[in-house]
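# Summary of the model geometry
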Amino acid sequence: MVGEESPASPAGSAAGPDEDESKRRKKEARLLAESVRPLDPRERYRALVDSLEEARDLVELADRKARFALLIMGALNIAFFFLATRSEIVDYLPEWLRPFLGSYLLVYAGVALFFFLEAIEALRPRRFRPHVPYPGEGGPDHYPEGLRYYEDILLRDLEAYRRAWRDVRFGQLNAELAMQGHVMARINFDKFRSLRRLYGGLRVLTILAGGLLAMLALSMLFYHPSGLPASGARVQARAAAGAPATALSSALGAPVAVPVPGVREASGIAWHPSLGRFFVVGDRGTLAQVEPSGAVTATHRVKGNLEDVAVHGPSGRLVLLAEKKGELVVWDPASASETARFPLDVAGILGRAPAERNQGFEGIVFRPEAGRPGGGVFHLVHQRKPARLVTIAFDPAGDARTLGAAEVLARHALKPFEDLTAVTWSERLGRLLVIAESDDRLLVVSYDGTIDAEMSLPGGQQE
């Protein structure tokens, strides 16, 4: 009847928990059986493919780590090469320490060679072809058919390869995937073993570069190329014949800055006493006439990379030094025109070939001397490798010709200074004044190349 309770309701409610418990037990039993049962062929295929992808990811990871180590190595090598080959930096090392630098470089070169060999070993392509001479316990249905590895693929022609894929069984395909996974494991084992050695070498290289940097830093703090401690006096007088450091300071007087609008990249300057003005040259082939007040009265274009200018007193002409082509250009201020070019036999003038083509002559000055061709001599400074002060004699008003060893009167190495960038003649001191740019020093030099005195120069890149 409608509204009456079913007699089975209490029994049904009582049986509910038992039924749920039975379902739970059956589910657990099914899960347990699932966890211990062998994989079917499709599941094995998916698992093997995942394992192979993971192995390939490890190969790519090892290659990226090796390339990153090479980048660090390149930066270290550049820094180490710069520190070890810049003569002006090495000059800060005490004399007794410099022979040790050669051994230090030899050790660094050995470690760097080891590093590169390990980098090659880590990055080189590998070839592992396993030999499976028998079908194995699974029989032919589980024997690799050679359908995935490129060398095995090319053992068949196209039609045979297509037919092999049509006939392949899951067991054969899974066997080949398992074989490839084993090969990839061997490749990764070798790669990561080389990678560990690679980073070990990188640590040693970093320590060696840091050691060189520490040696240079300590030498700069406690040693100076002139033989004085860095905290000592910055001006040294050296048994000067009438040119002590105090005389140098008083002869030069206090510096005065004169702004010269319109003149850029100035690299040389000379005072023309007859015309009462300065002549300034620039790297890009400019020659400017400048009044003592700083006003530019004229600008001329002269072909060449001009580094310095000298006034030839007897003729009143200018002699411009063009570094890159190694030429002396004679310029007549009266006609504002070039009158001659004298090519320089650089090796003949220096007495040896320069080590670097872009480190040429940087400074020139004329000094009157009776009985010489042209009424005097020219002093030139070669910047570095070798750093030289050279004296030559020729007549700028004569016919153009190549100047070489025949014109050389003297050569002097102003040790321990390098990076010589300018030279001028002081009539009051009776000495040459030479700039050693990297040391920020002004050197007072006598005829025989003796450095009689030196003093600090303010600023940087004094040309």
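Residues numbered from 1 in each chain as written. Predicted model: local features only at pLDDT ≥ 70, side-chain atom pairs only at ≥ 80, totals over all residues. Heavy atoms only, no water.

### Focus: the environment of A405
Within the secondary structure, A405 sits in the loop between β12 (388-392) and β13 (408-412). In this structure the C-alpha to C-alpha distance between A405 and L350, which are 55 residues apart in sequence, comes to 7.9 Å. Excluding anything up to four places from it in sequence, A405 contacts G348, I349 and R411. (Helix = DSSP H or I, 4+ residues; strand = E, 2+ residues; numbered from the N terminus. Contact = heavy atoms within 4.5 Å.)

### Some remarks on the packing of aromatic side chains
In the structure shown here, the tally under the stated rule is 7 aromatic pairs. When the centroid spacing of 6.2 Å and the interplanar angle of 70° are considered together, the rings of Y45 and F170 count as edge-to-face. Here the residue Y45 occupies a position in helix α2 (residues 41-85), and F170 occupies one in helix α7 (residues 170-222), the gap between them amounting to 125 residues. Taking relative accessible area as the criterion, F170 reaches 31% and is therefore assigned partly exposed. Ring pairing ties together the aromatic residues F342, F366, F378 and F394, which thus form one cluster. (Phe/Tyr/Trp six-rings, centres within 6.5 Å; stacked < 30°, edge-to-face > 60°. Buried < 20%, exposed > 50% of the residue type's maximum accessible area, 1.4 Å probe, protein only.)

### Description of the sheet that holds β13
Strand order across the open sheet formed by 4 strands is β10-β11-β12-β13, with antiparallel pairing between neighbours. What marks the edges here is a single partner per strand, and that holds for β10 (361-368) and β13. Averaged over all adjacent pairs, the angle separating strand axes in this sheet is 20°, with direction ignored. Sheet topology places strand β11 (residues 376-382) next to β12; 5 bridges connect them, and they run antiparallel. Among the inter-strand pairings, H379 is bridged to a residue of β12, identified as T391. (Pairing = 2+ DSSP bridges. Axes fitted to C-alpha atoms, helices over the stretch in contact; angles between N-to-C directions.)

### Let's talk about the pairing of β12
For β12, the tally of buried residues reaches 5 of 5 residues, placing the bulk of the element in the interior. The side-chain alternation of β12 yields two buried faces, one formed by R388, V390 and I392 and the other by L389 and T391. Count of turn residues in the β11/β12 antiparallel hairpin: 5 residues, of which K385 carries a positive phi of about 50°. Of the pairings in the sheet, the one linking β12 to β13 comprises 4 bridges and is antiparallel in character. Along β13, the bridge assignment pairs T391 with A410.

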